[in-house]
Amino acid sequence: PFPNVSELRPSFVLAALPGPAGAQAWVAALLCGAYAVALAGNGAVLLAVRLEPGLHAPMYLFLCMLAAIDLALATSTVPRVLSFYWLGAGEIGFGACLLQMFLIHALSAVESTVLLAMAVDRYVAICHPLRHAAILTNAAAARIGLAAVARGVLFFLPLPLLLLPLPFCGSRALSHSFCLHQDVMNLACANTTPSVVYGLAAILLVMGLDAVLICLSYLLILKAVLRLAAWKERLKVFSTCVAHVCVVLAFYVPLIGLSVVHRFGRDLAPLVHVVMGNIYILVPAVLNPIIYGVRTKQIQRSILSLI
């Protein structure tokens, strides 16, 4: 028999943190506070770079891209989660779920590409300082940003398209407060091998490859730093990379943790899945502007002058 419309276009049930209503209200308040910090912090970075001519350089343009991505990623998920906690809107339509899933994965791929570009920028600045201005111009940074967006869209647009024709005839309860590819795919009552294979290949060819290249960049940077004779010079040079290393860890550690939970955590408590999902979405968006605001004096001065 052909699947009916409700099987092909179902509504999915979002997951909430288990517990009494009072505890969930505190969770919603915490999420709202984190979202407000992410909006304020990333918005301040964008405004500071926009209004300060001295910050119109590739390094700060990449930082603006990172802030814009974090804003888009948080905005595509957190308002929907808050409506769930505050208004009881616990279901999400099929089309809205696929759109949200695509935005989360595509924006994550764009952020991974920008982090790789920032690592290359640090490598060129430290290992080839005389060629840095000629290689990484503002125009080159803009082209890298466009390529990052195109890469994210092209690699992750097939994910919702592969799920579009599948029937969903069993449970429709998600493991997170938003839609992720593997979470939605596991609810389909049909052969999902193409989705499994393509999803794994896309993750490895984008995030996996970027992580390897970032590590390679820092190995080359470390090799160049160790050639310096004085320890003070080594620390001074490597200190320029500290903020980027922290941002890379803030992105990849939650990503790896969420992947491990999906792969090996089927028997874990629902609390773990919900918490890990929220950490993956909010931690980079909250920490990135704080890290760069603390470590970059030019941004500090610009924000203080705006205030």
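Values in this document were obtained by computation on a predicted structure and should not be read as measured data.

Enquirer: In this structure, what is going on with a nonpolar patch on the surface? I would like to understand it.
Expert: Taken together, Val149, Val153, Leu157, Leu161 and Leu164 make up a surface patch of nonpolar side chains, about 380 Å² in accessible area. Looking at where Val153 falls in the secondary structure, it is placed in helix α7 (residues 138-156). Looking at Val153, the relative accessible area reads 32%, which means it is partly exposed.

Enquirer: In this structure, what is going on with the state of the cysteines? I would like to understand it.
Expert: In a disulfide, the sulfur atoms of two cysteines are covalently bonded to one another. Under the defined criterion, the tally for this structure stands at two disulfides. The disulfide bridge from Cys97 ends at Cys179, spanning 2.0 Å between sulfur atoms. Taking the torsion about the sulfur-sulfur bond, which here is approximately -120°, the covalent link between Cys97 and Cys179 counts as left-handed. One end of the pair, Cys97, is in helix α5 (residues 94-127); the other, Cys179, is in the loop between α8 (158-163) and α9 (181-185), and 82 residues separate them in sequence. Of the two residues, Cys97 and Cys179, both sit in the buried class. Two residues share a disulfide in this structure: Cys169 and Cys189, whose sulfurs sit 2.0 Å from each other. In this pair, Cys169 sits in the loop between α8 and α9 while Cys189 sits in the loop between α9 and α10 (193-226), placing the two residues 20 residues apart along the sequence.

Enquirer: Looking at this structure, I do not really get the packing of α10 against helix α11 (residues 231-239). What am I missing?
Expert: Two measures define how a pair of helices packs: the angle their axes make with one another and the distance between the axes. One can describe the packing of α10 onto α11 by two numbers: an axis separation of 9 Å at closest approach and a directional angle of 155°. When the interaxial angle is binned, α10 and α11 end up roughly antiparallel. Two packed elements cross with a definite hand, and for α10 against α11 that hand is right-handed. On α11, the residues that touch Tyr218, Ile221, Val225 and Leu226 of α10 are Arg234, Val237 and Phe238.

Enquirer: Could you clarify how one ought to interpret helix α4 (residues 78-87) in this entry?
Expert: Since there are 3.6 residues in each turn of an α-helix, residues three or four apart along the chain are aligned in direction. Those residues of α4 lying buried are Val78, Val81, Leu82, Ser83, Phe84 and Tyr85. Gly88 occupies a position one or two residues after α4 and carries a positive phi of about 75°.

Basis of the calculations
Residues numbered from 1 in each chain as written. Predicted model: local features only at pLDDT ≥ 70, side-chain atom pairs only at ≥ 80, totals over all residues. Heavy atoms only, no water. Patch = residues over 30% accessible without salt bridge, like charges linked within 9 Å, V, L, I, M, F, W, Y side chains within 5 Å. Areas by Shrake-Rupley, 256 points an atom, 1.4 Å probe, with all protein chains shown as cover. Salt bridge = Lys/Arg side-chain N within 4 Å of Asp/Glu carboxyl O. Helix = DSSP H or I, 4+ residues; strand = E, 2+ residues; numbered from the N terminus. Buried < 20%, exposed > 50% of the residue type's maximum accessible area, 1.4 Å probe, protein only. Disulfide = S-S within 2.5 Å. Axes fitted to C-alpha atoms, helices over the stretch in contact; angles between N-to-C directions. Parallel < 35°, antiparallel > 145°, perpendicular 65-115°, else oblique. Left-handed = near helix turned anticlockwise from the far one by under 90°. Contact = heavy atoms within 4.5 Å.

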